[in-house]
Amino acid sequence: MPDTPESRLRQLGIVLPEQMPILATYRLAKRHRDVVYVAGHVSAKLDLSALIRGKVGDGVTLEQAQEAARLCALHMLSTLRAEIGSLDQVAQILRVFGMINVAPGFDDLAASGYLAKTLDGCTNQLAEIFGDDAGIPARAAVGMAELPLGAAVETEMTVALRG
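Presented here is an overview of the structure given in this document. (Residues numbered from 1 in each chain as written. Predicted model: local features only at pLDDT ≥ 70, side-chain atom pairs only at ≥ 80, totals over all residues. Heavy atoms only, no water.)

**Here's the deal with the packing of helix 2 (residues 62-84) against helix 4 (residues 114-135)**
Here is the rule we go by: The angle between two axes is taken between their N-to-C directions and runs from 0 to 180 degrees, where each axis is a line fitted to C-alpha atoms and a helix contributes only its stretch in contact. Every helix listed is a DSSP run of H or I at least four residues long, and every strand listed is a run of E at least two residues long, numbered separately from the N terminus. Convention used here: angles under 35 degrees read as roughly parallel, angles over 145 as roughly antiparallel, angles from 65 to 115 as roughly perpendicular, and any remaining angle as oblique. Take the far helix as the reference: if the near one is turned anticlockwise from it by less than a right angle, the crossing is left-handed, and if turned clockwise, right-handed. By the convention used here, residues are in contact when the closest approach between their heavy atoms is within 4.5 Å. All amino acids are sorted into three groups, where Ala, Val, Leu, Ile, Met, Phe, Trp, Tyr, Cys and Pro are nonpolar, Asp, Glu, Lys and Arg are charged, and the leftover types, Gly among them, are polar.
Packing of helix 2 against helix 4 brings their axes to within 8 Å, and their N-to-C directions diverge by 40°. By the angle class used here, helix 2 and helix 4 are oblique. Read as a crossing pair, helix 2 and helix 4 show a hand that is right-handed. On helix 4, the residues that touch Leu62, Ala65, Gln66, Ala69, Arg70, Ala73, Leu74, Met76 and Leu77 of helix 2 are Tyr114, Lys117, Thr118, Leu119, Gly121, Cys122, Gln125, Leu126, Ile129 and Phe130. For the contact of helix 2 with helix 4, the class distribution of residues is 13 nonpolar, four polar and two charged.

**Observations concerning the sheet that holds strand 6 (residues 138-144)**
Here is the rule: A pair of strands is treated as paired once DSSP finds two or more bridges between them.
Sheet architecture is open: five strands sit in the order 1-2-7-5-6, paired in mixed fashion. Each end of this open sheet is capped by a strand with a single partner; those strands are strand 1 (29-32) and strand 6. Averaged over all neighbouring strand pairs, the angle between strand axes comes to 15°, with direction disregarded. Judged from the seven bridges that link them, strand 5 (residues 90-101) and strand 6 form a sheet pairing that is parallel. Note on strand 6: the bridge partner recorded for methionine 99 is valine 142.

Written out as structure tokens, the structure reads:
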């Protein structure tokens with residue numbers, strides 16, 4: 001059996017969640033030629049029973065924030081699969097943008113690398129599924145005063161498909 005993203009999901013025992021509900025006027029994914037833009041996905045549990053909420057630096061630890069970012073990755077992959085049919089159609093994850101809900105006055109971000117380390121939860125999961133070459137994207141991580149529904153993390157990504 002070839003080593004593909006879909007086979008890696010099975011090997012890792014990962015079952016992607018159902019798609020997230022749309023909360024406003026937008027699409028969860030938008031395809032243009034061989035590029036797919038995946039909208040922001042917030043940190044929800046896999047069964048969508050609850051949102052991982054809170055602020056890093058005030059009640060949310062780095063480990064909890066990393067797990068929230070990992071869950072964002074799985075939700076984005078669920079949306080991507082629904083859009084393209086199979087994750088085996090992915091050539092590369094091009095970019096991930098991560099927004100981390102941080103506490104007011106939380107200035108430990110630069111010294112500890114919390115923003116970068118939080119987003120590692122997302123990009124490490126992508127690398128595990130797609131491999132280092134295709135799965136490690138360019139990325140940006142920013143601290144935000146608030147996120148939708150009080151989510152701890154929100155991520156979006158841009159993906160190149162096989163031609």
